[in-house]
Amino acid sequence: MATEGGGKEMNEIKTQFTTREGLYKLLPHSEYSRPNRVPFNSQGSNPVRVSFVNLNDQSGNGDRLCFNVGRELYFYIYKGVRKAADLSKPIDKRIYKGTQPTCHDFNHLTATAESVSLLVGFSAGQVQLIDPIKKETSKLFNEENSCQHLWKVDWNEERQNEGSKTSEEALVTVQRLIDKSRVTCVKWVPGSESLFLVAHSSGSMYLYNVEHTCGTTAPHYQLLKQGESFAVHTCKSKSTRNPLLKWTVGEGALNEFAFSPDGKFLACVSQDGFLRVFNFDSVELHGTMKSYFGGLLCVCWSPDGKYIVTGGEDDLVTVWSFVDCRVIARGHGHKSWVSVVAFDPYTTSVEEGDPMEFSGSDEDFQDLLHFGRDRANSTQSRLSKRNSTDSRPVSVTYRFGSVGQDTQLCLWDLTEDILFPHQPLSRARTHTNVMNATSPPAGSNGNSVTTPGNSVPPPLPRSNSLPHSAVSNAGSKSSVMDGAIASGVSKFATLSLHDRKERHHEKDHKRNHSMGHISSKSSDKLNLVTKTKTDPAKTLGTPLCPRMEDVPLLEPLICKKIAHERLTVLIFLEDCIVTACQEGFICTWGRPGKVGSLSSPSQASSPGGTVV
């Protein structure tokens, strides 16, 4: 393993790391935390979470940051790599009694310099809609008439260490009529100014509309649709009320969900170890995947919607193809549970291949090229340029990251030798910095699905340390034939992984027989879903849960210990990477070339010169 080495060096907290793009540096002066900077005692507390929003104000400093630590919720101006953080001046701070914030999400569509809508989920099941700029609480969801106090604290600059309670609000918490379990994830529905989705540890999700009330009595549901291990109910009432829909998914807690980039699909991961992907509008199950062991804790989509990455209690990251509905790779680098996975839309390697005979339509090809949307403009322009000429294919290396309870940050590259294999794997383990696509496959089964309007792309750039060798063009002729034969592509089409096996010298995972069961568990006890159980012995070795030797095993580009406590946040921004640990410290890592040009020269100790 590239991350193993033992000794004192492995226990040191890293303040910088190098990839092929260059040097990433921790910026100590851009660290956000509680104003007193005292590490938070995290025992028994919910994970620290971070949300960002850009208000698009004229000052050019429109980024805002929200994070929760224990019973506290903070709202700051985020200065990123440009200036040092000023912790003495939070825009808003709230302290909650009897419940803790667990997750939050900004509405990016409605955010302005004067107002922003922030949803906050709580450990006791409530959902609150607040405006931290106006310092207002707009609405409460999942509540009834009994109440207890919520303290909202405005900080006085001269009394920043103790604070002064200046206002008092009532937060309804005692009678939660919709769901009494902890809120695990809350997100605005993409493209909507009023709809949002809330997941609970009960295994249920609820769709709300901020313009509707929740009602004064417990909701009554009627079945809308059901399938294998899921059911969707509508709220039965004379007038429209919240929740609009109730989803019951799998067994155990629903740990996280994520919308696809176009907002049409919803990926959910549960404590039963299953990834389930739904068509959100039609409420239909698109595909499933089972973890190698234990529950799945986190999920994310690639910027183009072609791949989903999950992480969980098997200490692995798993890459799942949306079109093929199958696992195409696993990544091993963490030594404990993986808590967050995220794609980096700004680190996209584009390689132009030799002219090829086969090409597709501009309309279909544009779907492939629309990678990262507006967030990676330089790469997007190159992709668009290749689309306009349509003389050479382009290939994209996907970069994603993960953080875990082992306090380590891992970065991964999903490269061409994994996405578009050309030959059976050798006995050496395949990972993101090994080149092994050197020849066409022998006896291809011919069932691969091509990317819209394009043949199989040429190999992608490899890792940060290895050169691009002459083998990068090998097998391109065969790739053309495979692409010409394949048909039936959709908007989210991608290349399937040829059936192949990978051999490696490590022992098989010892926990591969501890599989969960697929079953339904409705918290309203309607029991309308037929319970089905999957035999672990029958699940292992199938496309639902391939054996370790049946799929490529990725190794991380880098794997660094960057905190003392478990990591709970990983967010990729244009000029930095943001991480956070359970002690309540939100760290900014400047990207290569971004620190020196954007740091304020007036700072007495510039972040660019303080990293050891």
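Remember, it's a predicted structure, so these values are computed and weren't measured experimentally.

Peer 1: Residue-level account of the overall build of the protein chain, with values.
Peer 2: In terms of regular secondary structure, the protein chain is built from 7 helices and 35 strands. Expressed as a percentage of its 612 residues, the buried residues of the protein chain come to 57%. A separation of at least 24 residues holds for 64% of the contacts in the protein chain among residues at least 6 apart in sequence. By element, 48% of the accessible surface of the protein chain is carried by carbon and sulfur atoms, the whole surface being about 24,400 Å².

Peer 1: Lay out the pattern of salt bridges in plain terms, naming residues and giving numbers.
Peer 2: As a working rule, side chains carrying opposite charge can pair if their charged atoms are close by. Enumeration according to the criterion identifies 12 salt bridges in this entry. Between Lys225 and Glu284 there is a salt bridge, with its nearest N and O atoms 3.8 Å apart. Of this pair, Lys225 sits in strand 16 (residues 221-227) while Glu284 is found in strand 22 (residues 284-290), placing the two residues 59 residues apart along the sequence. Two residues, Asp413 and Arg399, come together in a salt bridge whose shortest N-O distance is 2.5 Å. Pair noted here: Asp413 is in strand 30 (residues 408-414) and Arg399 is in strand 29 (residues 394-404), with a separation of 14 residues, a long-range link. Note on accessibility: Asp413 and Arg399 belong to one class, buried. If you follow the salt bridges from partner to partner, you end up with Arg20, Glu21, Arg399 and Asp413 in one network.

Peer 1: Residue-level account of the packing of aromatic side chains, with values.
Peer 2: In the structure shown here, the tally under the stated rule is 25 aromatic pairs. Pairing Phe67 with Tyr74 gives two aromatic rings, centres 5.2 Å apart and planes at 20 degrees, and the pair type is stacked. Note on accessibility: Phe67 and Tyr74 belong to one class, buried. Ring centres of Trp247 and Phe280 lie 6.0 Å apart, and the angle between their planes is 5 degrees; this geometry places the pair in the stacked category. In this pair, Trp247 is assigned in strand 18 (residues 245-249) and Phe280 in the loop between strand 21 (274-279) and strand 22, connecting sequence segments 33 residues apart. For the residue pair Trp247 and Phe280, the accessibility class agrees, reading buried in each case. A connected cluster of aromatic rings, assembled from ring pairs, spans Tyr32, Phe52, Phe67, Tyr74, Tyr76 and Tyr78. The ring of Phe274 has Lys290 lying over it, and the distance from NZ or CZ to the ring centre is 5.8 Å.

Peer 1: Explain the UniProt feature "repeat: WD" (unreviewed entry) in the protein chain to me, using residue names and the numbers behind them.
Peer 2: Within the UniProt annotation, "repeat: WD" (unreviewed entry) is assigned to residues 289-321. Helix makes up 0% of residues 289-321 and strand 61%, with an end-to-end C-alpha separation of 10 Å.

Peer 1: So what's going on with the sheet that holds strand 31 (residues 553-554)? Residues and values would help.
Peer 2: A sheet is described by the order of its strands in space; here 5 strands give the open sequence 23-24-25-26-31, paired in mixed fashion. Of all strands in the sheet, those with a lone pairing partner are strand 23 (296-301) and strand 31, marking the two edges. Pairing of strand 25 (residues 316-321) with strand 26 (residues 326-332), which is carried by 6 bridges, proceeds in the antiparallel orientation. Considered in strand 26, the bridge of Ser321 is made with Arg326.

Peer 1: With reference to specific residues and values, describe the pairing of strand 35 (residues 586-590).
Peer 2: Two faces make up the sheet, and in a regular strand the side chains alternate between them. Burial runs high along strand 35: 5 of the 5 residues are buried. As defined by bridge partners, strand 2 (residues 22-26) adjoins strand 35 across 2 bridges and the pair is classed as antiparallel. Its bridge partner lying in strand 35, Lys25 is registered against Gly590. In the sheet, strand 34 (residues 576-581) pairs with strand 35 via 5 bridges, with the strands oriented antiparallel. Paired with Cys576 across the strands is Gly590, a residue of strand 35.

Cut-offs and rules
- Sequence order sets the numbering: in each chain, residues are counted from 1 along the sequence as written.
- Given that this is a predicted model, residues contribute local features only at a pLDDT of at least 70 and side-chain atom pairs are listed and counted only at 80 or more, while totals for whole chains, interfaces and linings are drawn from all residues.
- Working from all heavy atoms in the structure, the side-chain values ignore hydrogens and water.
- Helix numbers and strand numbers start at the N terminus; a helix is a DSSP run of H or I with at least 4 residues, a strand a run of E with at least 2.
- For every residue, the accessible area obtained with a 1.4 Å probe (protein chains only) is divided by the maximum for its type, and the residue is called buried under 20%, exposed over 50%, and partly exposed between those limits.
- Any two residues whose heavy atoms approach within 4.5 Å are treated as being in contact.
- Exposure was quantified through the Shrake-Rupley algorithm and a 1.4 Å probe, taking into account, for residues, occlusion by the shown protein chains and nothing else.
- Salt bridge criterion: a side-chain nitrogen from Lys or Arg within 4 Å of a carboxyl oxygen from Asp or Glu.
- Classification of ring pairs rests on two measures: the distance between centres of Phe, Tyr or Trp rings, Trp counted by its six-membered ring, which must be within 6.5 Å, and the angle between planes, read as stacked under 30 degrees, edge-to-face over 60 and tilted in between.
- Any Lys NZ or Arg CZ found within 6 Å of a ring centre and within 35 degrees of that ring's normal is scored as a charge over the ring.
- UniProt positions are given in the numbering used here, feature names are shortened, and annotations may be inferred rather than shown by experiment.
- Following DSSP output, two strands are said to pair if at least two bridges run between them.

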